[in-house]
Number of protein chains: 2
Amino acid sequence: MAIKKQRAVRRTDALSKERIVEAAIEILDSDGEGALTFRTLAAHLATGSGAIYWHVANKDDLLAAATNDVIARVMADLPGGARPREAIRALALGLFDAIDAHPWVGTQLSRAPWLAAIPQIFEGFGSRLEGFGVPEGAQFDATSTLVIHVLGVAGQNAANARLHAHRTDRTAFLGEIAQQWAQLDPARYPFVHRVAAQLPEHDDREQFLVGIDLILGGIEAANPGPSPRT
Amino acid sequence: MAIKKQRAVRRTDALSKERIVEAAIEILDSDGEGALTFRTLAAHLATGSGAIYWHVANKDDLLAAATNDVIARVMADLPGGARPREAIRALALGLFDAIDAHPWVGTQLSRAPWLAAIPQIFEGFGSRLEGFGVPEGAQFDATSTLVIHVLGVAGQNAANARLHAHRTDRTAFLGEIAQQWAQLDPARYPFVHRVAAQLPEHDDREQFLVGIDLILGGIEAANPGPSPRT
DNA sequence: AGTTATGATGGAACGTTGTTCCATTCTCAT
DNA sequence: ATGAGAATGGAACAACGTTCCATCATAACT
């Protein structure tokens, strides 16, 4: 008998991994990835860096937990009951929007494949591909391609965010890159030249979705079957 | 008149950006990304860190130059004259193999979109898509999707390399991840469970190429036209 | 040839970071 | 009340990127 009491709260402001991760996310969101140090975090929590290490193994552990939090929220908020193709697109867009809102998540995803968030994403796409009519033998490769697309865009988005962190205008920033591209040798870079003009006005989100659709189209074409699609 | 003499070589072992980049690549390749510091680099070149900064703006600049070197070599070594689809696959495989041989290139590519290497890759895929029969309006999105796939795989590859840097066996490493995946709740992760078994034995290079083919298939399906494909 | 301005060099020093260490405090079971 | 272990907070350490500066070598100019 004698069931141990749950540990009572030590103080109302007691430290815990949840509180630490929450504070870290706040700092990352408001001041960018560069602003998260154990010192700013300790200051934000009114404690010392040593105390944080009691709850968190190291910075990677902390970032992994924060990333998991964000991704888990995305997976939980997904609308159910949609047709297969729409379900896949909704998942992809949910991930994109989360990464767009928290660029540091993009950095983490694109450099940490052991992250607990990855199986979640994998499961999300993989299980929905079943309903899309993809035979079992082709599911692994098809899922990987979709996941890679998400992670690839995540990394580029995060990199862009790091760049125009100080800048006000996003279009102006893309304009600068377009100008650099336009200054390349037209003989060696004809395509880049032609495309540079579209750079400042293009919509990342839309282009991301076009990519998802291209991949889905390729999956369909590679796996013609009797299953209902749409 | 009096044409200025070209600067004579100061000493045979004079420092230069080329020599610095070359040394950096050696360190990165043999000892991994973590091993490249301005101190190890200075020791390798038998000089001081200050001297390096005379030729190189900062570490980002150095890494960008090193990455450019590798990518430029890939673009130069491509076989010409192949049919469009094969040309695209050859380019993709060339990039994959380079990133596989130099994982640190993957890290750079997936976190630096302003890199001079990116327009090169863009041009490589974009110009070849023309021959593939993609109408001009669709070329930007199609190219982006291919580039994103390469950059996405680059990032994941680099992350994997960072992980089993110390380990001997790659299959054993994948086996560990597969085991982690297999320990997830089967009710919530049925797909991940089914796929975990394929993880240790799957071939990254082959799966990368399947992704390229899926995207190409999607591009074909989205742009039916009279142009010769194959 | 001697002088001078500038190109280059090498190493010390600075500020910041992640992490470790440790003396101290707090809480609970006895 | 007391001892044990959980938890805390801040000092200290090692490593890093970068800056600074005293010094040397070379090319141009008298």
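Scroll up a little and you will see the structure.
Residue positions within a chain follow its written sequence, with the count starting from 1. Just so you know, chain letters begin at A and ligand numbers begin at 1, following the order they were written in. Whole-chain, interface and lining totals are the exception, using all residues; otherwise, since this is a predicted model, local features are given only for residues with pLDDT of at least 70 and side-chain atom pairs are given and counted only at 80 or more. The side-chain figures draw on all heavy atoms in the structure; neither hydrogens nor water molecules are used.

Undergrad: Could you give an account of the relation of the copies chain B and chain A, naming the residues involved and the relevant values?
TA: Between chain B and chain A, the superposition needs a rotation of 180° and an axial shift of 0.0 Å, giving an RMSD of 0.1 Å. Such a combination of turn and shift is consistent with a two-fold rotation axis. Here a residue-residue contact requires only that any non-hydrogen atoms of the pair lie within 4.5 Å. The share of interface residues of chain B whose copies in chain A are also at the interface is 100%, consistent with both copies meeting through the same surface. Each copy is superposed on the other by least squares, with the fit set by C-alpha atoms of residues at a pLDDT of at least 70 in both.

Undergrad: Give me the lowdown on the pattern of salt bridges, citing residues and values where you can.
TA: Residue and element names in this part refer to chain A. We count a salt bridge whenever a side-chain nitrogen from Lys or Arg sits within 4 Å of a carboxyl oxygen from Asp or Glu. This structure, assessed with the given rule, holds 16 salt bridges over all chains. Note that Arg205 and Asp97 form a salt bridge whose closest N and O atoms lie 2.8 Å from each other. Here Asp97 lies in helix H5 (residues 84-101) and Arg205 lies in helix H11 (residues 204-222), a separation of 108 residues in the sequence. Residue burial is assigned from relative accessible area. The probe radius is 1.4 Å, only protein chains are included, and a residue is buried under 20% of its type maximum, exposed over 50%, and partly exposed in between. On the basis of relative accessibility, which here comes to 34%, the residue Arg205 falls in the partly exposed class. Runs of E in the DSSP output that reach at least two residues are strands. Runs of H or I that reach at least four are helices, and both are numbered from the N terminus.

Undergrad: Give a description of the packing of aromatic side chains that names residues and reports values.
TA: Residues and elements named next belong to chain B. Each Phe, Tyr or Trp ring (for Trp, its six-membered ring) is paired with any other whose centre lies within 6.5 Å, and the angle between the two planes then decides the class: stacked below 30 degrees, edge-to-face above 60, tilted in between. In the structure shown here, the tally under the stated rule is ten aromatic pairs over all chains. Seen from their ring centres, Phe38 and Tyr53 are 4.6 Å apart, and the 15° between their planes marks the pair as stacked. One end of the pair, Phe38, is in helix H2 (residues 38-44); the other, Tyr53, is in helix H3 (residues 49-55), with 15 residues separating them in the sequence. On the basis of relative accessibility, which here comes to 13%, the residue Phe38 falls in the buried class.

Undergrad: Which residues make up the environment of Trp181(B), and what values do they have?
TA: Here Trp181(B) lies in helix H9 (residues 170-182). Considered as a pair, Trp181(B) and Val195(B) are 14 residues apart in the sequence and their alpha carbons are 8.9 Å apart. Beyond its immediate chain neighbours, meaning those up to four positions away, Trp181(B) contacts Ile118(A), Pro119(A), Phe122(A), Val192(B), His193(B), Val195(B), Ala196(B) and Leu199(B).

Undergrad: Would you mind going over the packing of H11(A) against helix H11 (residues 204-222) of chain B in detail, with residue names and values included?
TA: The angle between two axes is taken between their N-to-C directions and runs from 0 to 180 degrees, where each axis is a line fitted to C-alpha atoms and a helix contributes only its stretch in contact. For the pair H11(A) and H11(B), interaxial distance at closest approach is 7 Å and the crossing angle is 90°. By the angle between their directions, the pair H11(A) and H11(B) is classed as roughly perpendicular. In this structure, H11(A) uses Leu214(A), Ile215(A), Gly217(A), Gly218(A), Ile219(A) and Ala222(A) to contact H11(B), whose residues at the interface are Leu214(B), Ile215(B), Gly217(B), Gly218(B), Ile219(B) and Ala222(B). Residues are sorted three ways: Asp, Glu, Lys and Arg are charged, Ala, Val, Leu, Ile, Met, Phe, Trp, Tyr, Cys and Pro are nonpolar, and all the rest, Gly among them, are polar. Considered class by class, the residues forming the contact of H11(A) with H11(B) number eight nonpolar, four polar and no charged. Note that the term roughly parallel is reserved for angles under 35 degrees, roughly antiparallel for angles over 145, roughly perpendicular for angles of 65 to 115, and oblique for everything else.

Undergrad: I'd like a rundown of the packing of helix H1 (residues 17-31) of chain B against helix H4 (residues 59-76) of chain B, residues and numbers included.
TA: Residue and element names in this part refer to chain B. Running from N to C, H1 and H4 cross one another at 80°; their axes reach a closest spacing of 9 Å. Compared by their axis directions, H1 and H4 come out roughly perpendicular. Where H1 approaches H4, its residues Lys17, Ile20, Val21, Ala24, Ile25 and Leu28 are matched on the opposing element by Asp61, Leu62, Leu63, Ala65, Ala66, Asp69 and Arg73. Of the residues that constitute the contact of H1 with H4, the class distribution is nine nonpolar, no polar and four charged.

Undergrad: Tell me about the interface of chain B and chain A, and please be specific about residues and values.
TA: Tallying the contact residues gives 54 residues for chain B and 54 residues for chain A. Summed over both sides, the interface between chain B and chain A buries roughly 4,600 Å², with carbon and sulfur atoms accounting for 67% of that surface. The term buried area means the drop in 1.4 Å probe accessible area that two parts suffer when joined, counted for both and summed. Its largest share of buried area at the contact with chain A, chain B owes to Phe140(B), Phe191(B) and Leu214(B), together 15% of the area lost on that side. At the junction of chain B with chain A, the criterion picks out two salt bridges. Residues Arg194(A) and Glu130(B) are paired through a salt bridge, measuring 3.3 Å at the closest nitrogen-oxygen approach.

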